[in-house]
Amino acid sequence: MSNSRETEPLLLTSQISTSRQPRASYAICLSIFIVGCIGLTVAIAWSYRESQPEPNPGPPETTTRSSGTASLDMVGPANASSLLLETISLNVFSLMVWGSPGSFGTEDKELRIKAIGEYIGNNTEYDVFLLNDLWMRGDHEKIRTLLPESYQMSGVGQLAMRSCDGLAAPEFCSGLAIISKHPFKDIEFSSFTDHGDFFWDYEYFLRRGAGRVRIEPSPGHTVDVIVTSLASIDYNYWYRESQSKELVDIVSKSDADHVIVAGDFNVDPRDNENTYKTLKSELTDAVEEFYKNDPSKYLDPKLSTFGNAHNTYSSKGQHPVVYDYIWCKPNNDNGITVADFQVPILRTKREEISFSDHEAVTAKFQLTK
């Protein structure tokens, strides 16, 4: 008879199932732990990202115009580029004052110089006044005393050679002066190399040249303002041509944002010499630009500056010509617009005589940088 223990299975079914249950539970717990770790890592990373500050884009770009400020955030992309430009106005007055001594045939000089000084001192329209043919120191000082204290005027010695007399006669003087409502940042005088024939006429004893001042009508916006006069009398064309080349060279070396040149050039656009062409190779004639290159307009006798029929010193039947100009040039891809050009007829109040035997010229510019 066999033993009952030998017929019983070594492991009961219930024992087998009980021994596998802990392993299954371990696998489930491990999976949950791994998933939890991954979720915790993601949560920490997301929380850290959200806690960091956004990159600082800096202040919005703004631009200054003559009318105020504007933000690029307020305009669309199509208009953004235009707001990056700064536009300022600059109004310029230029006059040949006919300031030689009376012994040279000049008429009513004391009366006219006083009227010119009073006109400039009381004027609120122009920013810069460029005077030429102001040879005598006393006349220069007379005008200076009639200016407001806020105006700045170049000294005789600043725009002339040291040898300038200007007391008894114009010998070795330039006759140039600049008056500005804006402070001078720099001032310089360049005498021309060729002045005239020693044996021929008085031009030899004058030291014509180019007087330059730098102003900033708006912070960081520089303008070189140049006043000049070229040799007079028709037969001195060779000297004018030489002087115009030197002037163009001076202009070409300017690193200002804009250049304005004005004065008595003693040449008409219709004259058979190269002076006017040389100037146009580097500069823009403001009157020609304003009238859109229409000679029927800018050569109208009403705009003539010497021999003008409205000038009290013009002779009857005198042929009117254009001798006085305002020129302009933008540098460094800047822009310039001639908003207005005039030849004002200026006379003394009481006597009703012209300020000079030349007419003044004025121009209003819009300078864009």
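Provided above is the structure to which this section pertains.
Residues numbered from 1 in each chain as written. Predicted model: local features only at pLDDT ≥ 70, side-chain atom pairs only at ≥ 80, totals over all residues. Heavy atoms only, no water.

Participant: Would you mind showing me how to read helix α5 (residues 237–252) here?
Facilitator: Turn by turn, an α-helix covers 3.6 residues, leaving residues three or four places apart pointing in a common direction. Here α5 spans 22 Å end to end across 16 residues, near enough to the 22 Å set by a 1.5 Å rise per residue. Inspection of α5 places Tyr239, Arg240, Glu241, Ser242, Gln243, Ser244, Leu247, Val248 and Val251 among the buried residues, and these make up the whole buried set. The elements touched by buried residues of α5 are β8 (209–218), β9 (221–229), β10 (258–264), α6 (275–280) and β12 (324–330). (Helix = DSSP H or I, 4+ residues; strand = E, 2+ residues; numbered from the N terminus. Expected span 1.5 Å × (residues − 1). Buried < 20%, exposed > 50% of the residue type's maximum accessible area, 1.4 Å probe, protein only. Contact = heavy atoms within 4.5 Å.)

Participant: Just checking my understanding: could you explain the packing of aromatic side chains for this structure?
Facilitator: Note on aromatic pairs: each is described by the distance of the centres and the angle between the planes. Per the counting criterion, the structure on display carries 21 aromatic pairs. An angle of 75° between the planes, with centres 5.8 Å apart, marks the rings of Tyr119 and Phe355 as edge-to-face. Here Phe355 lies in the loop between β13 (335–342) and β14 (361–368) and Tyr119 lies in helix α3 (residues 109–122), a separation of 236 residues in the sequence. With relative accessibility at 23%, the residue Tyr119 sits in the partly exposed group. On the numbers, 5.7 Å between centres and 45° between planes, the contact of Tyr276 with Tyr325 is tilted. (Phe/Tyr/Trp six-rings, centres within 6.5 Å; stacked < 30°, edge-to-face > 60°.)

Participant: Quick question: what am I supposed to make of a negative patch on the surface here?
Facilitator: On the surface, a cluster of negative charge is contributed by Glu107, Asp108, Glu110, Glu351 and Glu352. With respect to the helices and strands, the residue Asp108 is situated in the loop between β3 (87–96) and α3. Taking the relative accessible area as the measure of exposure, Asp108 reaches 38% and is therefore partly exposed. (Patch = residues over 30% accessible without salt bridge, like charges linked within 9 Å, V, L, I, M, F, W, Y side chains within 5 Å. Areas by Shrake-Rupley, 256 points an atom, 1.4 Å probe, with all protein chains shown as cover. Salt bridge = Lys/Arg side-chain N within 4 Å of Asp/Glu carboxyl O. Lys, Arg positive; Asp, Glu negative; His and termini not counted. Charge placed at Lys NZ, Arg CZ, Asp CG, Glu CD.)

Participant: Even after reading the chapter, I still don't get the packing of α3 against helix α4 (residues 137–145), so can you show me in this structure?
Facilitator: Relative placement of two packed helices is described by the angle separating their axes and the distance separating the axes. Running from N to C, α3 and α4 cross one another at 35°; their axes reach a closest spacing of 8 Å. Relative to α4, α3 is oriented so that their crossing is right-handed. Together, Lys109, Ile113, Lys114, Ile116 and Gly117 of α3 and Asp139, Lys142 and Ile143 of α4 make up the contact between the two elements. Looking at the contact of α3 with α4 residue by residue, the class counts come to three nonpolar, one polar and four charged. (Axes fitted to C-alpha atoms, helices over the stretch in contact; angles between N-to-C directions. Left-handed = near helix turned anticlockwise from the far one by under 90°. Nonpolar A, V, L, I, M, F, W, Y, C, P; charged D, E, K, R; others polar.)

Participant: Looking at this model, I keep getting lost on the sheet that holds strand β4 (residues 128–132). Mind explaining?
Facilitator: Each strand in a sheet pairs with its neighbour through backbone hydrogen bonds, running either in the same direction (parallel) or in the opposite one (antiparallel). The six strands are arranged β5-β6-β4-β3-β14-β13 in an open sheet whose pairing can be described as mixed. If you trace the sheet from one side to the other, it starts and ends with β5 (152–153) and β13, each paired once. (Pairing = 2+ DSSP bridges.)

Participant: How should the pairing of strand β6 (residues 177–180) be read in this particular structure?
Facilitator: Taken residue by residue, a regular strand's side chains alternate between the two faces of the sheet. Because side chains alternate across β6, one face comprises the buried residues Ala177 and Ile179, and the other comprises Ile178 and Ser180, equally buried. As paired strands, β5 and β6 are joined by two bridges and run antiparallel to one another. Within β6, the residue paired with Gln152 across the bridge is Ser180.

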